[in-house]
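Now for the letters of each chain:
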Amino acid sequence: MTEFVKPSIDYFELWPLLAVFGVACLGVVVEAFVPRRARYTAQVALALVGLVGALVGVVVVARDVTTYDDGAARGVLAVGGTIAVDGPSLFIWGLVLALAIAGVLLFAERHLDGGVSAFAGQAAAVPGTDAETASIAARREHTEVYPLMLFAVFGMMLFPAANDLLTMFVGLEVLSLPLYLLSGLARRRRLLSQEAALKYFLLGAFSSGFFLYGAALLYGFAGSMDFAAINEAVRNDVGSSSLLLIGTGLLSVGLLFKVGAVPFQAWTPDVYQGAPTPVTAFMAAGTKVAAFGAIMRLFYVALGADRWSWQPMLWIIAILSMFVGAALAITQSDIKRLLAYSSVAHTGFILTGVVGLQAADQLAVGEISSLQAVLFYLTTYGFATIGAFAVVGLVRDAGGETTAIDRWAGLGKESPVVAAVFAFFLLAMAGIPLTSGFVGKLAVFSVALAAGAWPVVVAAVLASIIAAFLYIRVIKVMYFDEPVGTGPSVAYPSVLTATTIAVGAAVTLVLGVLPGPVLDLAGVAGEFIR
Amino acid sequence: MMLTVLILLPLLGAVVTAVVPGALARLAGVGFAVATLVAGVVAALQYDAGDGMQLTETHTWIESLGVHYALGVDGLGLLMVLLTVVLVPIVLLAGWNESEEPGNSGAKAFFAWTLALEAMSLAVFTATDVLLFYVVFEATLIPAYFLIGGFGRSGRGRAATKFLIYQLAGGLVMLASVIGLYVVSADAGTPSFLISDLAAIDIDPITQRWLFVGFFIAFAIKAPMFPVHTWLADTTEKATTGTSVLLVCILDKIGTFGMLRFCLGLLPDASQWATPVVVVLALVSIIYGALVAIGQDDVLRLIGLTSLSHFGFIVLGIFVFSSTGGAGAILYMVNHGIATALMFLVAGFLIRRTGTASIREMGGVERTAPVLAGFFLVAGLAACGLPGLSPFVSEMMVIIAAFDHHWLVGSVAVLAIVLAAFYALWMYQRTMTGAGRLGAVEVRDLDRREVGVLAPLLLALVLFGFYPMPLLDVINPVVHDTLAGVGIGQEGGHQ
């Protein structure tokens, strides 16, 4: 038994992480002690201050972070080597925080539904009972959603920065549990929402089990949970390779479930549809960013030496995700389900970038690296997604949001601005030039082709064609179809949602026209440290 | 700077047109279109008929991907630019009232989208960076989509979607090849998308073939060629004739333009490798397009399908690899633009009067509208290659080059002249002569605006029919350079 050594905690580098966690805890206290009428303001302000503070912290840390080891990468291994604060971590932290700020603005929106938020008045009240009617009449709203969301953000930051399997598992759970809860809190169509939450929880818990079992097997293989140690073990070929392969497979199940890759995509449409739209927006964007960060760290850092084992698997999953996602999206008649399947297709496109991993010495000077491409794609995808879902929240009829696509006919005439902005987000998702989606696609396809994964690139091109059809179909409905009945109406949002949409659209445009700075930023993020 | 101004003017025009009050929109739109025309002429005057790219400008755009904002024109690019800047004001004036009619999206939208389309097209013809070309190539589709979907006959939304899907599919296939070029250039040292950098790389033949296939599919859809032409007739049938002019006479030229610049320019070995297949496809397009056109009842479908035949000629001229064929093909691109624009616009005026596009329901128009009938006849005769009108010159050059290539190719191509006479004159006969079948509808003759719109096109047809030298002076250096790149001397013939 070796003596326990207290790990040194690098408070400076971990500041953003701790700030979010601290503010989340503070939110719980506020919920308990602040009077009900002041809670909304207090919670929103607290969440925003915490997130903005953390974002500033990320910038400060990124400017100051030290060169690691041989100088190729920058960062520190904090808390006894369990958390890696390096370039990619910081990039993802910044991105997650920016998306979370947009998410808080959407959560706080109260103009769309007659002065109350999109969340249930009293989640514990069974739908259709007097208790529910009473809670609606009293205009109650859950303000716990803000601390819950901050915990999720904390998880999203810990997950991609985790440098051993156990910390990664903790990150996974911290990120998931609040999201399960948030998914069930919709104010309208509550049964659908609760069903979504239950499905998400059951399948999510199941996939966590896979992850944990994989972690155990990998520990059996390498004798360590630490990524660097696993990497050493793979290099030196110690231990049983069947443990390594099965462990890798099981870990992949857990991770690929979170990003909604085929064949683990089944939860996506139900959860995206059932969850309150602000939650869908935040979850769709944030979870994907965080989980891809974790996938890349696991595969690149711990299993990078074994890439001939996992790259073929990811090839197949990428191809399946693109085709299944795009094809099933075409058959959808609900806009949120459509966007859910389209996110499955996007998972495939991002995986195309992930399989583009090459050793550093194989890259030409100035050639774009796989990590750089994926980080850029995540940025474009995150902002386009959160913007698109924010717009979905605006189109309403008497029963709340109108998510049936054919009810969107005539939106181009009814509200030209909203239709134009939504069409723009759709074009970005389709990857039309002069939008961010195009540059993202270009980047991930380039790295995949450079790494010799041409079958994946060919499949990606074909899947893009299918996907283009589905986005254009929605644009056609909005602009060229005659409205059914009274047609859709657009609720005027407050400045909160408007800001989110405007920022999303602006980022999508700027990254399409002048992607240079963000691409460079993703480039200087450098490599993962190990 | 000149070329940047040329692109920015219509783009600015599109924005201004979209924001000024409704009454001023059309004036503003035409004003910017004319200003662009002037800028285009100024650029042409600065151009000196010689070798290589001129009026060039190069700035780094996305450094980490090796993308540049690089513009320049050679003779081919210049002619396409001039064709664009001339046709756009004509289209706007021709559609002065039409876009305001009920059911359409309004003149403001039509004028703004048209100017946006012009800006993107000009950027396509002047881009000298492959990725910049690709970006604006795809960007043309958005204005085109809204022009087709927003104006014209019922069922246009569907036609617009079909158009966009075909074009995007082609574009995405091309994207794979564009990325392939990036990887090739990265492997050769530094990643760069500049055409001049890429042309300096010696790409191995197998890679060239894969890249060629990607580019060619995209350009074949764009041009269009058999068997990926099916979007064409649906689009021209449902869209307004002004939109059709923009699509067929300007945008589709990007296909053959791209074949010359990218397939032949960057992938010469693969182009020679693919020649047999391409020549056969071109011949099928020529004959099939003409035959199907004969069978059409809808005037606009008919005209659309004749273009399939004409584009077959252009592609044939490009891929026989001789100086006569190449020059003929480029000249054909200009002439087809003028002649088909005339045909579409006259047909548009006709259909607005008769209220139907069905040939079967028309007849006897020449009695009440002799001027309209006259324009229609000249356009028809131009389509079937009557000597004295400009398409004759280019068609002859291509056919002669085809005979040089192989007697069989030439003999098949020459059949199209007979078929063209058949579809053009038969259409004229059924719509314009004989007894009127339109019942009480009295077909008015063209008014002064309409004659004014059509007259420049007619003059150009006659002028270049008798005196094509100014065009050929600009074309020949391009053909010389391109063929030298493919490894064939000026005298033509294979090695």
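Along every chain, residues carry numbers that run from 1 in the direction the sequence is written. Just so you know, chain letters begin at A and ligand numbers begin at 1, following the order they were written in. Whole-chain, interface and lining totals are the exception, using all residues; otherwise, since this is a predicted model, local features are given only for residues with pLDDT of at least 70 and side-chain atom pairs are given and counted only at 80 or more.

Further remarks concern the overall build of chain A. A tally of regular secondary structure across chain A gives 20 helices and 6 strands. Using C-alpha atoms as the atom set, the radius of gyration is obtained and then compared with a globule rule of 2.2 Å times the number of residues to the power 0.38. The C-alpha atoms of chain A give 22 Å as radius of gyration, which agrees with the globular expectation for 530 residues (24 Å, within 12%). Taking the principal axes of its C-alpha atoms as reference, chain A extends roughly 70 × 55 × 40 Å. Neighbour counting defines burial: a residue surrounded by 20 or more other C-beta atoms within 10 Å of its own C-beta is buried, one with 12 or fewer is exposed, and intermediate counts give partly exposed, using backbone-placed C-beta atoms. Evaluated residue by residue, chain A yields a buried proportion of 61% over its 530 residues. Here, residues touch in the contact sense if the C-beta positions derived from the backbone fall within 7 Å of one another. Taking all contacts inside chain A whose residues are at least 6 apart in sequence as the whole, residues at least 24 apart take part in 79%. Every helix listed is a DSSP run of H or I at least four residues long, and every strand listed is a run of E at least two residues long, numbered separately from the N terminus.

When helices and strands are counted, chain B shows 21 helices and 2 strands. For a compact globule of 495 residues, the expected C-alpha radius of gyration is about 23 Å, and chain B comes in at 21 Å, within 12% of that figure. In terms of principal-axis extent, the alpha carbons of chain B reach across some 75 × 55 × 40 Å. Within chain B, the proportion of its 495 residues that are buried is 62%.

Take the interface of chain B and chain A next. Chain B puts 31 residues into the contact, and the matching count from chain A is 31 residues. At the level of elements, helix 5 (130-139), helix 6 (141-150) and helix 7 (156-187) of chain B are the ones that each hand at least two residues to the side of chain B that touches chain A. By residue number, the principal contributor to the side of chain B that touches chain A is helix 7 of chain B, which donates 17 residues. Note that Gly is not counted as nonpolar here; it falls among the polar residues with everything else outside the nonpolar set of Ala, Val, Leu, Ile, Met, Phe, Trp, Tyr, Cys and Pro and the charged set of Asp, Glu, Lys and Arg. Residue classes in the side of chain B that touches chain A are distributed as 20 nonpolar, 8 polar and 3 charged.

The next thing to look at is the domain arrangement of chain B. Residue and element names in this part refer to chain B. Boundary definitions for the domains trace back to an automatic or database domain assignment. When cut into domains, chain B gives domain 1 (1-266) and domain 2 (273-495). Between the C-alpha centres of domain 1 and domain 2 there is a distance of 22 Å. Counting residues at the interface gives 41 residues for domain 1, matched by 46 residues for domain 2. Per element, the largest residue contribution to the side of domain 1 that touches domain 2 is 9 residues, and it comes from helix 3 (residues 75-94).

All names here are of chain B. Each axis is a line fitted through C-alpha atoms, taken for helices only over the stretch in contact, and angles between the N-to-C directions span 0 to 180 degrees. Two numbers describe how helix 15 (residues 323-354) lies on helix 21 (residues 469-486): the axes approach to 9 Å, and their chain directions differ by 130°. In terms of orientation, helix 15 lies oblique with respect to helix 21. Crossing geometry of helix 15 relative to helix 21 is assigned as right-handed. Across the interface between the two elements, Ser323, Gly326, Ala327, Ile330, Leu331 and Val334 of helix 15 pack against Leu471, Leu472, Ile475, Asn476, Val478, Val479, His480, Thr482 and Leu483 of helix 21. Looking at side-chain class alone, the contact of helix 15 with helix 21 contains 10 nonpolar, 5 polar and no charged residues. Relative orientations are named as follows: roughly parallel for angles under 35 degrees, roughly antiparallel for angles over 145 degrees, roughly perpendicular for angles from 65 to 115 degrees, and oblique for any other angle. A clockwise turn of the near helix away from the far one marks a right-handed crossing, whereas an anticlockwise turn of less than a right angle marks a left-handed crossing.

Okay, the environment of Phe211 of chain A next. Residues and elements named next belong to chain A. Secondary-structure assignment places Phe211 in helix 7 (residues 190-222). C-alpha of Phe211 to C-alpha of Leu251: the two residues are 40 residues apart in sequence and 4.5 Å apart in space. With sequence-adjacent residues up to four places away left out, Phe211 is seen in contact with Phe169, Leu172, Leu251 and Gly254.

With that out of the way, let us pick up the confidence of the model for chain A. The predictor attaches a confidence to each residue, and that confidence, scored 0 to 100, is pLDDT. Per-residue pLDDT for chain A has a mean of 88; in total, 97% of the residues score no lower than 70. At the low end of the mean pLDDT range in chain A sits strand 1 (residues 67-68) of chain A, at 65; at the high end sits helix 5 (residues 145-161) of chain A, at 94.

All names here are of chain B. To estimate how far a helix should reach, multiply one less than its number of residues by 1.5 Å. Between its first and last C-alpha, helix 12 (residues 253-266) extends 19 Å over 14 residues, near the 20 Å set by a 1.5 Å rise per residue. To obtain the bend at a residue, axes are fitted to the seven residues ending there and to the seven starting there, and the angle between these axes is taken. Met259 marks the point of greatest bend in helix 12, at about 30°. In terms of residue burial, helix 12 counts as a mostly covered element, since 13 of its 14 residues are buried.

Further remarks concern the environment of Met80 of chain B. Residues and elements named next belong to chain B. Examined against the element boundaries, Met80 turns out to sit in helix 3. Remark: the alpha-carbon pair of Met80 and Ser64, spanning 16 residues in sequence, is separated by 32 Å. With residues near it in sequence (within four places) discarded, Met80 still touches Phe125, Lys253 and Phe257.

What makes a nonpolar core is a set of buried Ala, Val, Leu, Ile, Met, Phe, Trp, Tyr and Cys residues, with links drawn between C-beta atoms within 7 Å. By size, the foremost hydrophobic cluster in this structure holds 421 residues, and its most contacted members are Val20 and Val96 of chain A together with Leu316, Leu342 and Val346 of chain B. Counting residues per element, this core draws most heavily on helix 7 of chain B, which supplies 19 residues. Per-domain counts for this core show at least three residues from each of domain 1 (1-266) and domain 2 (273-495) of chain B. With residues near it in sequence (within four places) discarded, Val346 of chain B still touches Leu372, Phe375, Phe376, Ala379 and Leu454 of chain B.

Below, the discussion takes up unusual backbone geometry. Omega for the peptide link from Val262 of chain A to Pro263 of chain A comes to 10°, which places this bond in the cis form. By the element assignment, Pro263 of chain A lies in the loop between helix 9 (241-259) and helix 10 (267-274). Between Phe226 of chain B and the following residue, Pro227 of chain B, the backbone shows a cis peptide bond with an omega angle of 5°. For Arg189 of chain A, which is not glycine, the phi dihedral falls at a positive 45°. Summarising the element assignment, Arg189 of chain A is placed in the loop between helix 6 (165-183) and helix 7. Of the residues examined, Arg189 of chain A has 18 C-beta atoms within 10 Å and is grouped as partly exposed.

With that settled, consider the pairing of strand 1 (residues 54-62) of chain B. Consecutive side chains of a regular strand alternate in pointing toward one face of the sheet and then the other. All names here are of chain B. Here, strands pair whenever DSSP counts at least two bridges between them. Here 6 bridges tie strand 1 to strand 2 (residues 67-73), and the two strands are oriented antiparallel to one another. Each bridged residue has a counterpart across the sheet, and for Thr60 the counterpart in strand 2 is His68. Between strand 1 and strand 2, which follow one another and run antiparallel, lie 4 residues, and Gly66 among them has a positive phi close to 70°.

What follows concerns the sheet that holds strand 6 (residues 489-490) of chain A. Strand order across the open sheet formed by 3 strands is 5-4-6 (chain A), with antiparallel pairing between neighbours. Edge positions in the sheet fall to strand 5 (400-401) and strand 6 of chain A, since each has one partner strand and no second.

This next bit is on helix 7 of chain B. Residues and elements named next belong to chain B. Relative to the 46 Å expected for 32 residues at 1.5 Å per residue, helix 7 spans 46 Å between its end C-alpha atoms, a close match to the ideal helical length. Judged by how many residues are buried, helix 7 sits mostly within the fold: 28 of 32 residues are covered. Among the residues trailing helix 7, Gly189 stands out with phi positive, at a value near 145°.

All names here are of chain B. Looking at chain B as a whole, its pLDDT mean stands at 86, while 96% of the residues score no less than 70. Here helix 16 (residues 365-368) is the element of chain B with the lowest mean pLDDT, 80, and helix 5 is the one with the highest, 91. Every residue in residues 490-495 scores below 50 in pLDDT, and together they form 11 contacts with partners more than four places removed in sequence or on other chains. Taken over the whole predicted complex, pTM reads 0.91, whereas the ipTM for its chain interfaces reads 0.86.

Let's shift gears to the environment of Ala38 of chain A. All names here are of chain A. Along the chain, Ala38 falls in helix 2 (residues 36-64). On the neighbour-count criterion, Ala38 (11 C-beta atoms within 10 Å) is exposed. Each C-alpha atom, one on Ala38 and one on Asp306, is 55 Å from the other, the two residues being 268 residues apart in sequence.

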